[in-house]
Amino acid sequence: MKVLSFPLTKITIWFLFGIIFCYYCSPCLDIVLAISIVCIILFSISYFLIKRNKKFNPIFGVSAYCVSFFIGVTTLLLHTNSLQKSNYIHCKKAFENPQILTFTLCEKLKSNTYNDRFTAFINIINNKTYSGKIIVNIQKDSLQNPIIGSVIKVNTILLGNTQSKNPNQFNYSKYLEDKQIYAQVYISKSEISINKKFKKDIWYYSGKLHSRIVKNLETAHFNKEEMNVALALILGQQQDISSEIIQDYQYSGATHILSVSGLHVGFIMLFINFILKPIPNTRRGSLIKLISILISLTIFAVISGLSPSVLRSVVMFSFLATGNHLRRSGSIYHTLLVSMLLILLFEPYFLFDVGFQLSYLALLFIVWLQPLLKRIWTPKKKILITIWNALTVSFAAQIGTLPLCLYYFHQFPGLFFVTNIVIIPILSFIMIAGIIVMIYAVFTSPPIFIIEIFEKSIYLLNKTIHIVASFEWFVIRDISFNFYFLLTFYLFIIAAIVWNKKPDYTKFVAFLITVILLQISFIFTKKEIESKHELIVYNTKKNTLISERRGKNIIIFTSDTISKNNILNTYLVGNFAQLKSTYKIKNTLFFNGKKIAVIDSSGIYAAKTQPDILILTQSPKINLERILNDLQPKILIADASNSYNMQKIWRITCLKKNIPFHATNEKGFYRLN
């Protein structure tokens, strides 16, 4: 690939390696800065040496890559808020006792059943200046919510992010940390004091503009359900879409259209170019067009909430517009690389955002793979050409993102190609109509006839998506897929494309090697599965759930008649396992030569059994001190089916007896190997 010979490609790759190394290894900033200075000095010396003698080229190349690598490391360290002394995470007392906090609301999140949710920037804790981002949960009631930019004062405690309590669950704590959010607060509107002055930053104006658009659309009697989808399609605001509609889009393989990306920004750029068409293509006219496009895209990014996919698309199309103005036809690969490098220099944690990864992979494979798929068939009729182009684009994007989707989401929408062919004509009209409606709504309430046309088109889109999603048997769920598969599948796909682009013996051998690596990943995974032997006590509130695993076979013991739930299903999918049988939980279990006693709500137990492990479930009314004297267990486990007050008493008793106490609602599930 010629793009690999482009110097910026290698620099970007080493920059990415630096970010990844820093993310997983967490090096010391002082050491990194010292090594970076040494690399920069070496780079500078080699730069002057190669002017005199070309034999120093290898040293110059290595030093350039080292500089790029350590710039990536340094960039991530400098953007890790928890390392800053002013960050609230270093105020330990705020996590232990209620403190007077002052913070500014910056973004509205999707609400849950009980709370309206926002992100906010901490300003002050007990009259001392701090910084950092938190999630604010405000209890729902009839009162109006505070708006973005509101400065709120409240006496409350910071709650740190909690780790996932069951195996293979989505790590929400890590997800928040990657967004530099380390705590949450739960408050009611009666507890807060709102400052009359707003903090007028970019978030304030973004929220105000968004609120104005929504208000004008509501004044025009835009149906609520269709309006929420329209705001997602045009502005990327998904907070108020119902879970049923989101599920339809997931099952039909059309989730990507709810996240504003290159498709949406491309439509906006085409629309702006159409409006500016009367301006002549002189030097001054071209500059006016460029400035208009850049300003319009920037405003759109702000209104959309500056999400990773929007930023990537806006930056990339800004570079394309600048290239057109300078009359330079640069490679799309170079544009992608420059936009990625620029975004990650300012927000390196975007690299670990799933949306960012999927959007770049989709665009890369559309540019790289679609021309190859297009050559498979050359239709003559215009309608067939349009359909074939849509199909090849859809398949290219799907092939590029499939391994990553399987790794993160463990499902595959089988009708994605049908969805994309059907919705693209509707979506094209919706984007054009939507841009007109949103521009109108910035200033005033849009005319009723425009709203009705736009509303009906959204309704038609939702109905089409729902019909496709209703064929649930085409949605393949619960696909087990690990990191070995992710890596080897991408190597296989890349090798196959490279070989098919320009076939030769070397590329064919490389392709065969990836096939072997793919088989090795399957063999290694199978061997790893067969060697697994573990017992797990899950963190479940309504019933007790214990699983015993031998290889891929799972036996569960439960106090409920339900044999399978989401917690267990996540464990099965994540471990390539299958449910073999279900039993009613017993008072005594055996695992790997260890005896396990279980005491439930009946409080019955066999005296003098001396188990290695004692499990308490369903809040039994017992004299724990006497039971510990009788049974003498080595560890006591209390699952989440027990009341919190009882667990507090049991913890104190275990502390007196010097017996380890494991509460699953605090420490998470218990694993015995």
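Structure shown above.
Residues numbered from 1 in each chain as written. Predicted model: local features only at pLDDT ≥ 70, side-chain atom pairs only at ≥ 80, totals over all residues. Heavy atoms only, no water.

A few words now on the nonpolar core. Residues L217, L233 and F454 are the most contacted members of the largest nonpolar core, which totals 83 residues. The element that contributes the greatest number of residues to this core is helix 15 (residues 416-443), accounting for 11 residues. The contacts of F454, once residues within four sequence positions are left out, are F222, A230, I234, I430, A433, G434, V437 and M438. (Core = buried A, V, L, I, M, F, W, Y, C linked by side-chain atoms within 4.5 Å. Buried < 20%, exposed > 50% of the residue type's maximum accessible area, 1.4 Å probe, protein only. Helix = DSSP H or I, 4+ residues; strand = E, 2+ residues; numbered from the N terminus. Contact = heavy atoms within 4.5 Å.)

We now examine unusual backbone geometry. Even without being a glycine, H221 presents a positive backbone phi close to 60°. Under the relative-accessibility criterion, H221 is labelled exposed at 64%. Even without being glycine, Q618 reaches a positive phi, approximately 60°. Inspection of the secondary structure puts Q618 in the loop between strand 17 (613-616) and helix 20 (624-631).

Counting buried residues along strand 11 (residues 533-537), 4 of its 5 residues qualify, which places the element largely inside the surrounding structure. Sheet topology note: the strand 11/strand 12 (residues 545-550) ladder contains 5 bridges and is antiparallel. Note that in strand 12 the partner of I536 across the bridge is S547. In the sheet, strand 11 pairs with strand 20 (residues 670-672) via 3 bridges, with the strands oriented antiparallel. When the bridges of strand 20 are listed, V537 appears paired with Y670. (Pairing = 2+ DSSP bridges.)

The next thing to look at is the side chain of S63. Its location among the elements puts S63 in helix 3 (residues 57-78). S63 sits in the buried class, given a relative accessible area of 1%. A distance of 3.2 Å separates polar atoms of two side chains, one belonging to S63 and the other to S46. (Polar contact = N/O pair within 3.5 Å; in protein donor to acceptor, adjacent residues only side chain to side chain.)

So, about the side chain of E534. With respect to the helices and strands, E534 occurs in strand 11. Taking relative accessible area as the criterion, E534 reaches 3% and is therefore assigned buried. Here Y571 takes part through its side chain, which lies 2.4 Å from a polar atom of the side chain of E534. Those residues in contact with E534, other than ones at most four positions away along the chain, are S547, E548, R549, Y571, F591, R671, L672 and N673.

For the rest of this paragraph, the subject is the pattern of salt bridges. It is possible for side chains of opposite charge to pair when their charged atoms get near one another. According to the stated counting rule, one finds 6 salt bridges in the structure shown. We note a salt bridge from D353 to K179, for which the minimum N-O separation is 3.6 Å. Linking D353 in the loop between helix 12 (332-346) and helix 13 (354-374) with K179 in the loop between helix 5 (172-178) and strand 7 (181-187), this pair joins segments that are 174 residues apart in sequence. Exposure remark for D353: the relative accessible area of 16% places this residue in the buried category. Residue classification places K179 among the partly exposed positions, given a relative accessible area of 32%. For the salt bridge of R671 with E534, the shortest nitrogen-to-oxygen distance reads 3.0 Å. Pair noted here: R671 is in strand 20 and E534 is in strand 11, with a separation of 137 residues, a long-range link. (Salt bridge = Lys/Arg side-chain N within 4 Å of Asp/Glu carboxyl O.)

It is worth spelling out the environment of A577 at this point. Assignment of secondary structure puts A577 in the loop between helix 19 (566-574) and strand 14 (578-584). By relative accessible area, A577 is classed as buried at 16%. Put simply, A577 and L344 are 233 residues apart on the chain and 38 Å apart in space, counted from C-alpha to C-alpha.

One can describe the packing of helix 14 (residues 382-409) onto helix 15 by two numbers: an axis separation of 9 Å at closest approach and a directional angle of 135°. What the angle tells us is that helix 14 and helix 15 run oblique. Crossing handedness for the pair helix 14 and helix 15: right-handed. Only F416, F417, N420, I421 and I424 of helix 15 make contact with helix 14, whose side of the interface consists of I387, A390, L391, S394, F395 and Q398. Residue composition of the contact of helix 14 with helix 15, by class: 8 nonpolar, 3 polar and no charged. (Axes fitted to C-alpha atoms, helices over the stretch in contact; angles between N-to-C directions. Parallel < 35°, antiparallel > 145°, perpendicular 65-115°, else oblique. Left-handed = near helix turned anticlockwise from the far one by under 90°. Nonpolar A, V, L, I, M, F, W, Y, C, P; charged D, E, K, R; others polar.)

We now examine the sheet that holds strand 18 (residues 635-638). On the basis of which strands lie adjacent, the open sheet formed by 5 strands has the order 15-16-17-18-19 and mixed pairing. The open sheet has two edge strands, strand 15 (588-591) and strand 19 (661-663), and neither has a second partner. On average, adjacent strands in this sheet sit at an angle of 20° to one another, irrespective of strand direction. Pairing geometry for strand 16 (residues 594-599) and strand 17, over 4 bridges, is parallel. Bridge pairing in strand 17 places A597 opposite L614. Seen against the sheet, helix 20 touches strand 16, strand 17 and strand 18 and runs at an angle of roughly 155° to strand 17. Contacting strand 17, strand 18 and strand 19, helix 21 (residues 644-657) runs over the sheet at an angle of about 160° to strand 19.

Along the chain, Y490 falls in helix 17 (residues 483-501). Classification of Y490 as buried rests on a relative accessible area of 13%. Apart from residues lying up to four places away in sequence, Y490 is in contact with L361, F365, G400, T401, P403 and L404. A distance of 2.6 Å separates the side chain of Y490 from the backbone oxygen of G400, its partner in a polar contact.

Within this structure, the stated rule accounts for 37 aromatic pairs. When the centroid spacing of 5.1 Å and the interplanar angle of 90° are considered together, the rings of Y484 and F524 count as edge-to-face. Here Y484 is found in helix 17, whereas its partner F524 is found in helix 18 (residues 505-530), with 40 residues between them in sequence. Its relative accessible area of 32% is what places Y484 among the partly exposed residues. The partly exposed category is assigned to F524, whose relative accessible area is 42%. Members of the aromatic cluster, connected to one another through ring pairs, are W14, F17, F21, Y65, F69 and F70. (Phe/Tyr/Trp six-rings, centres within 6.5 Å; stacked < 30°, edge-to-face > 60°.)

One water molecule sets the probe size; rolling that probe over the atoms shows where empty space is left. Volume-wise, the second largest pocket comes out at about 500 Å³. What lines the second largest pocket is a set of 20 residues, among which I268, S296, I299, I435 and I439 lie closest to the centre. Those elements giving two or more residues to the lining of the second largest pocket turn out to be helix 6 (202-219), helix 7 (224-235), helix 9 (262-275), helix 10 (283-303) and helix 15. The element best represented in the lining of the second largest pocket is helix 10, accounting for 6 residues. Of the residues that constitute the lining of the second largest pocket, the class distribution is 18 nonpolar, 2 polar and no charged. (1 Å grid on protein atoms, 1.4 Å probe; cavity = no way out; pocket = protein on both sides within 12 Å on 5 of 7 lines; lining within 4 Å. Points joined across faces, edges and corners; volume = space filled by probe spheres on them.)

The interhelical angle for the contact between helix 2 (residues 29-52) and helix 3, taken along N-to-C directions, is 150°, at an axis separation of 8 Å. Here helix 3 runs roughly antiparallel to helix 2, going by the angle between their axes. The interaxial crossing formed by helix 2 with helix 3 has left-handed handedness. Listed contacts from helix 3 to L29, V32, L33, I35, S36, C39, I40, L42, F43, S46, Y47 and I50 of helix 2 are N57, I59, F60, S63, A64, C66, V67, F70, V73, T74, L77 and L78. Partitioned by chemical class, the residues of the contact of helix 2 with helix 3 number 19 nonpolar, 5 polar and no charged.

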